[in-house]
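# A look at the structure
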Amino acid sequence: MTSSELQIEEIIDRALAEDLGRGDITTEALIPDGQQGNGFVVAKKEGILAGINVAKQVFQQVDPELKVEILLEDGARVEPGSKIAKVSGSIASILKAERVVLNFLQRLSGIASATNRYVEAVKGLPVRIMDTRKTTPVLRSLEKYAVKVGGGENHRMNLSDGILIKDNHIVALRSQGLNITEIVAKARHNTPLSSRGAKRRSNLQARQIQVEVEVGTVPEALEAVEAGADIVMLDNMNLEDMRKAVKTIHGRALIEASGGITMDNVRAVAETGVDFISIGALTHSVRALDISLELEGQ
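Residues numbered from 1 in each chain as written. Predicted model: local features only at pLDDT ≥ 70, side-chain atom pairs only at ≥ 80, totals over all residues. Heavy atoms only, no water.

Let's shift gears to the packing of helix 4 (residues 91-121) against helix 5 (residues 140-149). For the pair helix 4 and helix 5, interaxial distance at closest approach is 7 Å and the crossing angle is 45°. Between helix 4 and helix 5, the crossing angle belongs to the class labelled oblique. Our pair here, helix 4 against helix 5, has a crossing hand that is right-handed. Two secondary-structure elements touch here, helix 4 through Phe104, Arg107, Leu108, Ile111, Ala112 and Thr115 and helix 5 through Leu142, Glu143, Ala146, Val147 and Val149. Grouping the constituent residues of the contact of helix 4 with helix 5 by class yields eight nonpolar, one polar and two charged. (Axes fitted to C-alpha atoms, helices over the stretch in contact; angles between N-to-C directions. Helix = DSSP H or I, 4+ residues; strand = E, 2+ residues; numbered from the N terminus. Parallel < 35°, antiparallel > 145°, perpendicular 65-115°, else oblique. Left-handed = near helix turned anticlockwise from the far one by under 90°. Contact = heavy atoms within 4.5 Å. Nonpolar A, V, L, I, M, F, W, Y, C, P; charged D, E, K, R; others polar.)

This is the structure in structure tokens:
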């Protein structure tokens, strides 16, 4: 079992413990242990499915005897009434797993669906839609997976994945008399190679960590590029300034737009010529996709 699989198993264990508490007293009071049946996971709204294998794992962590047949895979477009999966076995076990299954499916599918809407909005333009670290605590790996299912790409998974010099770093270091050029130089000087390179220094393929700088003005963008930044993040810039920054940078660094991106303006932002658009709303305030579990009548 990989570390990722172990992490997901732990997340599911915690979610089940949270929901079941000392036990499902309603089901235990009403449903005989031996009663068998079938249930279907059904979409109630249109969207992009994500998390079906997590849902299957939840069912089987509650009861390994449950049989789960996946009818639609992650990435499938669902419509109201689409049957996503069939689960067969102990009705008591199905009911105990129901809410956790739906919580995962609804949230992850909501993220995939929102991401896909943004991806479709910029279709035909050479720009990539990306997430941020504005994720639900503990659920980051799953939520970033859902972004990829929706056609987006992942920004940093965690703080060790790359250097991103943000406004508060700059404020703190400017109080010490450093400008952006000196801040970038300091970051490069004090940052080792990736963890793989640090452990195997003889490995010639060890990569140098990229340096990204967040800026709020066109002059700051130019200063960051001249300082040697690999990526410049244009934070909450208006469209005119974005266009100026892209023209000024002129291919010397990759450019990311971030802050205040909505479905109403994402196409216009993409048309400025930026390489990436990062959107916190993909994960921090997404609307869950309506999905239910329906037992078959006996």
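A pair can form between side chains of opposite charge whenever their charged atoms are brought close. A full pass over the atoms with the stated rule returns eleven salt bridges. The salt bridge partner of Glu153 is Arg128, with a shortest N-O separation of 3.7 Å. On the criterion of sequence distance, the pair formed by Glu153 in the loop between helix 5 and strand 7 (163-165) and Arg128 in strand 6 (residues 128-130) is long-range, its members being 25 residues apart. Of the charged contacts in the structure, one is a salt bridge between Asp230 and Arg188, with a shortest N-O distance of 3.0 Å. Of this pair, Asp230 sits in the loop between helix 9 (218-226) and strand 9 (231-235) while Arg188 sits in helix 7 (residues 180-190), and the two are 42 residues apart along the sequence. The exposure class of Asp230 is partly exposed, given its relative accessible area of 26%. (Salt bridge = Lys/Arg side-chain N within 4 Å of Asp/Glu carboxyl O. Buried < 20%, exposed > 50% of the residue type's maximum accessible area, 1.4 Å probe, protein only.)

For the rest of this paragraph, the subject is the packing of helix 3 (residues 52-62) against helix 4. When two helices pack together, their arrangement is given by the angle between the helix axes and the distance between those axes. One can describe the packing of helix 3 onto helix 4 by two numbers: an axis separation of 9 Å at closest approach and a directional angle of 155°. Considered as vectors, helix 3 and helix 4 are oriented roughly antiparallel to each other. The two elements helix 3 and helix 4 cross, and the hand of that crossing is right-handed. Listed contacts from helix 4 to Ile52, Val54, Ala55, Val58, Phe59 and Val62 of helix 3 are Ser93, Ile94, Lys96, Ala97, Val100, Val101, Phe104 and Leu105. Class assignment of the residues belonging to the contact of helix 3 with helix 4 gives a composition of twelve nonpolar, one polar and one charged.

Take the side chain of Thr132 next. With respect to the helices, strands and loops of the structure, Thr132 is situated in the loop between strand 6 and helix 5. Here Thr132 falls in the buried class, since its relative accessible area comes to 13%. Polar contacts involving the side chain of Thr132 include one to the main-chain amide nitrogen of Lys134, which spans 3.0 Å. Excluding residues that lie within four positions of it along the chain, Thr132 makes contacts with Lys144, Ser278, Ile279 and Gly280. (Polar contact = N/O pair within 3.5 Å; in protein donor to acceptor, adjacent residues only side chain to side chain.)

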